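What follows is the residue order along each chain.
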Amino acid sequence: MELIQETSDLFAYLAADEVVDHHHPLVRATAARLAAGADDSYTYARSAFEFVRDTIPHSQDSGDPRVTWRASDVLERRTGICYAKAHALAALLRAEDIPTAFCYQRLGEVHGLVAVRFHGAWHRQDPRGNKPGVDARFSLDGERLAFTPDPESNELDYPVLYAEPHPAVLGVLKAAPDRPSLWRTLPTAL
């Protein structure tokens, strides 16, 4: 699948905003701690990915009813669904000047992940969190995502790389009082 940038402006994939608040002290401190142990940007990106994937439980898996959407809140509360975890990873990567995009899959509901730009190409990464049957890994040598869409079930990969989280995704996250309510309103298409 050919990934398509929403905008040709690569700086848009480094921007901070209300969601990807990589200027926040907690995001900066976390990024600095992860960067201290990294020899290069690839090692840092892999460490940031593994940190989000492994230390922030997916709230559905852990049974946590809280809904997070802002990157700093995900890091502080240590919980989030796929979208929120993607926001946190994007903030950590952008804090270290690694262009990061938001991308999505339709798997019954819309699933969120990110793409990082290395060596002139985009590489999708899925920080959702592993569990039995899910083994996502950071890779620039072929995708190791949590899920593979099944076209026969009308599932698909959306090719667009967004500079900001999709409005449909952000809208449901912001409106949900808790995760069970959120689960009933997840978008089924973009």
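Here, every reference points to the structure presented above.
The paragraphs below set out a description of the structure included in this document. (Residues numbered from 1 in each chain as written. Predicted model: local features only at pLDDT ≥ 70, side-chain atom pairs only at ≥ 80, totals over all residues. Heavy atoms only, no water.)

### Regarding the overall build of the protein
The secondary structure content of the protein amounts to 7 helices and 6 strands. Going residue by residue from the N terminus, the α and β elements of the protein occur as β-α-α-α-α-α-β-β-β-β-β-α-α. Relative to the globule expectation of 16 Å for 190 residues, the C-alpha radius of gyration of the protein, 15 Å, shows essentially globular dimensions. With respect to the three principal axes, the spread of C-alpha positions in the protein is 40 × 35 × 35 Å. (Helix = DSSP H or I, 4+ residues; strand = E, 2+ residues; numbered from the N terminus. Rg over C-alpha atoms; globule rule 2.2 N^0.38 Å.)

### Comments concerning the nonpolar core
Counting 48 residues, the largest nonpolar core has Tyr44, Tyr83 and Leu92 as its most contacted members. Counting residues per element, the ones that place at least two in this core are helix H1 (25–36), helix H2 (41–55), helix H4 (71–77), helix H5 (82–95), strand S2 (100–107), strand S3 (109–118) and helix H6 (167–175). The element contributing the most residues to this core is H5, with 11 residues. Excluding residues within four positions of it along the chain, Leu92 makes contact with Val27, Thr30, Ala31, Leu34, Tyr44, Ala48, Phe51, Val52 and Leu75. Tyr13, Ala101, Trp122 and Leu161 belong to the second largest nonpolar core, which has 11 residues in total. (Core = buried A, V, L, I, M, F, W, Y, C linked by side-chain atoms within 4.5 Å. Buried < 20%, exposed > 50% of the residue type's maximum accessible area, 1.4 Å probe, protein only. Contact = heavy atoms within 4.5 Å.)

### Structural notes on the sheet that holds strand S4 (residues 121–125)
Strands sit in the order S4-S3-S2-S5 across an open sheet of 4 strands; the sheet is antiparallel. Sheet topology places S4 and strand S5 (156–157) at the edges, where each strand pairs with a single neighbour. In this structure, S2 lies alongside S3, joined through 8 bridges in antiparallel fashion. Residue pairing in the sheet places Tyr104 in a bridge with Gly112 of S3. (Pairing = 2+ DSSP bridges.)

### Thoughts on the environment of Leu186
Summarising the element assignment, Leu186 is placed in the segment after helix H7 (179–185). In this structure Leu186 comes out as buried when scored by relative accessible area, which is 10%. Along the primary structure Leu186 and His111 are separated by 75 residues, whereas in three dimensions their C-alpha atoms are 9.3 Å apart. For Leu186, the residues in contact, after removing those within four places along its chain, are Ile81, Tyr83 and Glu109.

### A look at H1
Because an α-helix packs 3.6 residues into every turn, residues spaced three or four apart end up facing the same way. With 12 residues, H1 ought to run about 16 Å at 1.5 Å a step, and its terminal C-alpha atoms sit 16 Å apart, in line with that. Every buried residue belonging to H1 is among Val27, Thr30, Ala31 and Leu34, and all of these are buried. Projected down its long axis, H1 carries its buried residues within an arc of 100 degrees, all on one side. Set apart from the buried face of H1 by more than 90 degrees, the exposed residues are Pro25 and Ala36. Tucked into the core, H1 has its buried residues touching H2, H4 and H5. (Expected span 1.5 Å × (residues − 1). Arc of directions from axis to C-beta.)

### Here's the deal with H2
If you check H2, its first and last C-alpha atoms are 20 Å apart, about what 15 residues at 1.5 Å a residue would give, namely 21 Å. Along H2, the positions that sit buried rather than exposed are Thr43, Tyr44, Ala45, Ala48, Phe49, Phe51, Val52 and Arg53. Structurally, the start of H2 carries an N-cap: the backbone nitrogen of Tyr42 is 3.3 Å from a side-chain oxygen of Asp40. (Polar contact = N/O pair within 3.5 Å; in protein donor to acceptor, adjacent residues only side chain to side chain.)

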